[in-house]
Amino acid sequence: MNLRIPGPTPVPASVLQSMSKQMIDHRGEKFAELIASVTERLKYFYQTKNDVLIFPSSGTGGMEAAIVNTLSPGDRVLAVSIGSFGDRFAEIARVFGAEVVKLDFEWGTSADAGAIAAKLEGDPSIKAVLVTHNETSTGVTNDLRAIGEVVRPHKALLIVDAISGLAAIDLQVDNWGCDVVVTGSQKSWMIPPGLSFVSVSPAAWEAHAHAKMPRFYWDYSGAKKFLDKKQTPYTPALSLYYALDEALNLMMKEGLQEVLERHRRLASYFRNSVREMGLRILPEERCASNAVTAIPVPEGINVKELRKILREEFDIIVAAGQGKLETKIFRVGHVGYVTKEDLDDVLRALKVVLPRLGFAPALR
Ligand SMILES: *Cc1c(COP(=O)(O)O)cnc(C)c1O
């Protein structure tokens, strides 16, 4: 099967095998070595000297943890959204009692740093800016460097959902001033769903000390206190740590810049090939994601039917749109463990299926 959704992504064989190992004492020597080693290597991919914590959850758990650990009910929060995951971040903050100021951009475009700057200047009480690094629902990557620059002069924390972007698309956590950065295991990290990672800056720790939203399992200080003893407060998801260890071995062997470059190269190849077929890419090239490509379905073609044929006849699984784009686009994931052959397989199938469904691109 060619699983081309933007997570969960395929897992390399050696990572799958690593998970079949026996359990160990999570308060013993072996686990101490394991957590210290994976945490150090996560920092390398995060490009950070900040603390990095590991939680047993999908990405959304990491998003919720980021909110409840840094904010108090009534805090004003600027939630920047360019798609469905940006909306989710805003919603989590609202549920926990933050006063959410929403800044929406059209789906398929990236956030405008100037508009964020204007909001912050007009409202100095804003405590945090929530932003998505790579919006998986629209295949758009935000310019986090530019966003970091406009947030820096203000007191607000920069809280980033980098669940589908980090370790696939450049994100210089320290250089760009990102205070809290969340990722999930099943996207670029090439391991199954079930772990979230988060980096916490000194400013975020300072905010944490005063943050009053309720939390227990997700408490950052508890996690940090135990990490200092090379443990976790509660039983860790051991098999996923084994997987993470092996995935990081593979990623370290390749190197951060090489991993980023591979994603850049494959994504650019894929987008160009899609355009050559006469299809469009939803976003402009300058903000197109190197993790997932969103393709508007041509007039008269039904996304469900297209996905069904790809699945049943070609064993290729692509994603539909989300939210208001559900029937308007399909999405092809190319994040994590992916090769040019995997993408060629998709391109070949599209060249057969689309004309059969009536697609006749205008001659160029
Ligand atoms: C996948 C994803 C999430 C949600 O992660 P879950 O693991 O499904 O909870 C959040 N944000 C972005 C940008 C994602 O790609």
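Our structure's up above, just so we're on the same page.
I will try to describe carefully the structure that is included in this document. Quantities reported herein were computed from a predicted structural model and do not represent experimental measurements. (Residues numbered from 1 in each chain as written. Predicted model: local features only at pLDDT ≥ 70, side-chain atom pairs only at ≥ 80, totals over all residues. Heavy atoms only, no water.)

### Section: the nonpolar core
Generally speaking, soluble globular proteins have nonpolar side chains that are buried together. If you look at the biggest cluster of nonpolar residues, it comprises 89 residues, and the most contacted ones within it are I116, W189 and Y220. Per element, the largest residue contribution to this core is nine residues, and it comes from helix α9 (residues 238-254). Excluding residues that lie within four positions of it along the chain, W189 makes contacts with L42, F45, Y46, L166, A167, T183, G184, F197, A247, L248 and M251. F270, M277, L310 and L343 belong to the second-largest nonpolar core, a separate cluster that totals 28 residues. (Core = buried A, V, L, I, M, F, W, Y, C linked by side-chain atoms within 4.5 Å. Buried < 20%, exposed > 50% of the residue type's maximum accessible area, 1.4 Å probe, protein only. Helix = DSSP H or I, 4+ residues; strand = E, 2+ residues; numbered from the N terminus. Contact = heavy atoms within 4.5 Å.)

### Thoughts on the sheet that holds strand β9 (residues 180-184)
If you trace the seven strands from one edge of the open sheet to the other, you get β2-β10-β9-β8-β5-β3-β4, paired in mixed fashion. Edge positions in the sheet fall to β2 (51-55) and β4 (99-104), since each of these pairs with one other strand and no more. For this sheet, the mean inter-axis angle between neighbouring strands, taken without regard to orientation, is 20 degrees. In terms of strand pairing, β2 meets strand β10 (residues 196-200) through five bridges, oriented antiparallel. Looking at the pairing, L53 lines up with V198 of β10. (Pairing = 2+ DSSP bridges. Axes fitted to C-alpha atoms, helices over the stretch in contact; angles between N-to-C directions.)

### A closer look at the packing of helix α2 (residues 29-46) against α9
Where α2 contacts α9, the axes come no closer than 10 Å and their chain directions differ by 45 degrees. By the angle between their directions, the pair α2 and α9 is classed as oblique. The two elements α2 and α9 meet at a crossing, and its hand is left-handed. Taking contact as the criterion, the partners of F31, L34, I35, S37, V38, R41, L42, Y44 and F45 in α2 are, on α9, L238, Y241, Y242, L244, D245, L248, N249, M251 and M252. Considering only residue class, the contact of α2 with α9 consists of 14 nonpolar, two polar and two charged. (Parallel < 35°, antiparallel > 145°, perpendicular 65-115°, else oblique. Left-handed = near helix turned anticlockwise from the far one by under 90°. Nonpolar A, V, L, I, M, F, W, Y, C, P; charged D, E, K, R; others polar.)

### Examining the packing of aromatic side chains
Each aromatic ring pair is summarised here by two numbers: the centre-to-centre distance and the angle between the ring planes. In this structure the tally under the stated criterion is ten aromatic pairs. The interplanar angle of 70 degrees and the centroid separation of 6.3 Å between the aromatic rings of W205 and Y220 together place this pair among those described as edge-to-face. Of this pair, W205 sits in helix α7 (residues 202-210) while Y220 sits in helix α8 (residues 220-228), placing them 15 residues apart in sequence. Note on accessibility: W205 and Y220 belong to one class, buried. (Phe/Tyr/Trp six-rings, centres within 6.5 Å; stacked < 30°, edge-to-face > 60°.)

### Here we look at helix α4 (residues 84-95)
The terminal C-alpha atoms of α4, which comprises twelve residues, lie 16 Å apart, in line with the 16 Å expected from a rise of 1.5 Å per residue. Looking at the buried residues of α4, the elements they touch are α3 (59-70), β3 (76-81), β4, β5 (126-132), β6 (134-135) and β8 (157-161). Looking at the residues trailing α4, positive phi occurs at G97, about 95 degrees. (Expected span 1.5 Å × (residues − 1).)

### Overview of the site of the ligand
The local shell around the ligand holds 14 residues, among which S58, T60, T136, D161 and K187 are the closest. Here an oxygen atom of the ligand and a side-chain polar atom of T136 are 2.4 Å apart. The contact in question runs from a nitrogen atom of the ligand to an N or O atom on the side chain of D161, over 2.6 Å. Of all the secondary-structure elements, those providing two or more residues to the shell around the ligand are α3 and α4. With three residues, the top contributor of residues to the shell around the ligand is α3. Split by residue class, the shell around the ligand holds three nonpolar, eight polar and three charged. (Near = heavy atom within 4 Å. Polar contact = N/O pair within 3.5 Å; in protein donor to acceptor, adjacent residues only side chain to side chain.)

### Considering the environment of P124
Relative to the elements of secondary structure, P124 occurs in the loop between α5 (113-122) and β5. Residue P124 is classed as exposed on the basis of its relative accessible area of 72%. Separated by 26 residues in sequence, P124 and V150 place their C-alpha atoms 13 Å apart.

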